[in-house]
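Residue-level listing of the chains:
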Amino acid sequence: MFSSPSSSRTIYSTSLSASQEVSTQKSHEYFVKIPPAVHYIEMAGIVPMAFLGTLGNIIALIVWTAETRYNATTLLLKHLCVWDSLFLLTYATLLLGREAKSAEVFYATQFFIVMFLWMSLHLTLLVVVTRLVAVTRPLHVRDLLTRCRVYVVYVGIIVWCLLFASLQIVVNKIEHFELIERVFHLLQVLNSSVNIIFYAACSTRFRQLFLCRVQQISGLVRFLSTSLLSSTKREVQTADL
């Protein structure tokens with residue numbers, strides 16, 4: 001007795017979904033049960049560097065926001081600090097809490113990690129292009145790098161990175177995390193973490209803005225301490241009366 005085509009398709013689709021589920025579960029189990037060498041690279045290198053890099057990017061973002069005039073490079077560097085921080089925090093969170101995450105959450109987090117990483121790389125390239133335009137066309141740079149054009153390119157990069165991240169997750173399925181891959185991830189985290197060092201070493205404007213922020217913070221601290229001291233004196237005088 002022969003089975004109908006519809007029942008055959010149902011059996012095939014059921015077996016295919018079951019095999020995909022088993023493959024996803026195996027990939028997730030491999031990620032949870034990692035070799036000791038890979039675990040050491042993660043806990044001793046990637047996670048601490050990620051949190052330090054996030055702190056550095058936050059400081060750099062605070063400094064860059066002191067710039068009130070429009071500049072294409074400064075605008076992109078502000079967004080670069082945000083994307084780098086998102087990449088570092090998401091990656092560190094994935095490594096620290098992988099045992100509590102299901103396979104679906106794992107792949108969703110992996111998608112955002114790839115998205116944030118590629119945004120960081122493309123924005124770095126875009127910053128290089130803006131500096132090249134500023135050096136080669138100093139008289140026309142304001143007409144070429146208008147705010148509207150920069151944002152159009154920026155939105156295009158976001159769409160491209162979304163598509164690329166989706167394609168990479170679907171194609172790769174990330175079945176194995178080898179030691180070499182973890183070393184490569186460590187280099188990626190290091191690249192996203194040391195931006196503030198390059199800003200301080202290579203950008204005079206960043207150093208000026210940093211000193212401006214330090215003066216503002218020190219002035220605020222002096223104001224608060226003076227206000228606290230004066231209020232304390234008034235309370236003491238009131239108590240004496």
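Basis of the calculations
- Residues numbered from 1 in each chain as written.
- Predicted model: local features only at pLDDT ≥ 70, side-chain atom pairs only at ≥ 80, totals over all residues.
- Heavy atoms only, no water.
- Axes fitted to C-alpha atoms, helices over the stretch in contact; angles between N-to-C directions.
- Helix = DSSP H or I, 4+ residues; strand = E, 2+ residues; numbered from the N terminus.
- Parallel < 35°, antiparallel > 145°, perpendicular 65-115°, else oblique.
- Left-handed = near helix turned anticlockwise from the far one by under 90°.
- Nonpolar A, V, L, I, M, F, W, Y, C, P; charged D, E, K, R; others polar.
- Phe/Tyr/Trp six-rings, centres within 6.5 Å; stacked < 30°, edge-to-face > 60°.
- Buried < 20%, exposed > 50% of the residue type's maximum accessible area, 1.4 Å probe, protein only.

Student: Which parts of the structure should I look at to understand the packing of helix α2 (residues 36-64) against helix α3 (residues 72-96)?
Tutor: When two helices pack together, their arrangement is given by the angle between the helix axes and the distance between those axes. Their axes nearest at 8 Å, the elements α2 and α3 cross at an angle of 155°. With respect to α3, the axis of α2 lies roughly antiparallel. Handedness of the α2/α3 crossing: left-handed. The class makeup of the residues in the contact of α2 with α3 is 18 nonpolar, five polar and three charged.

Student: Please clarify how the packing of aromatic side chains should be interpreted in this entry.
Tutor: What describes a pair of aromatic rings is the distance from one ring centre to the other and the angle between the planes of the rings. Summed over the entire model, instances satisfying the criterion amount to seven aromatic pairs. Ring geometry for F111 versus F112: centroids 5.4 Å apart, planes at 70°, classification edge-to-face. Residue classification places F112 among the partly exposed positions, given a relative accessible area of 42%. For the ring pair W160 and F164, a centre distance of 5.6 Å and an interplane angle of 40° mean the geometry is tilted. In this pair, W160 and F164 both sit in helix α6 (residues 147-172), four residues apart, roughly one turn of the helix. A residue is classified by how much of its surface remains accessible, and W160, at 43% relative accessible area, is partly exposed. Grouping aromatic residues by their ring pairs yields a cluster made of W83, F111, F112 and F116.

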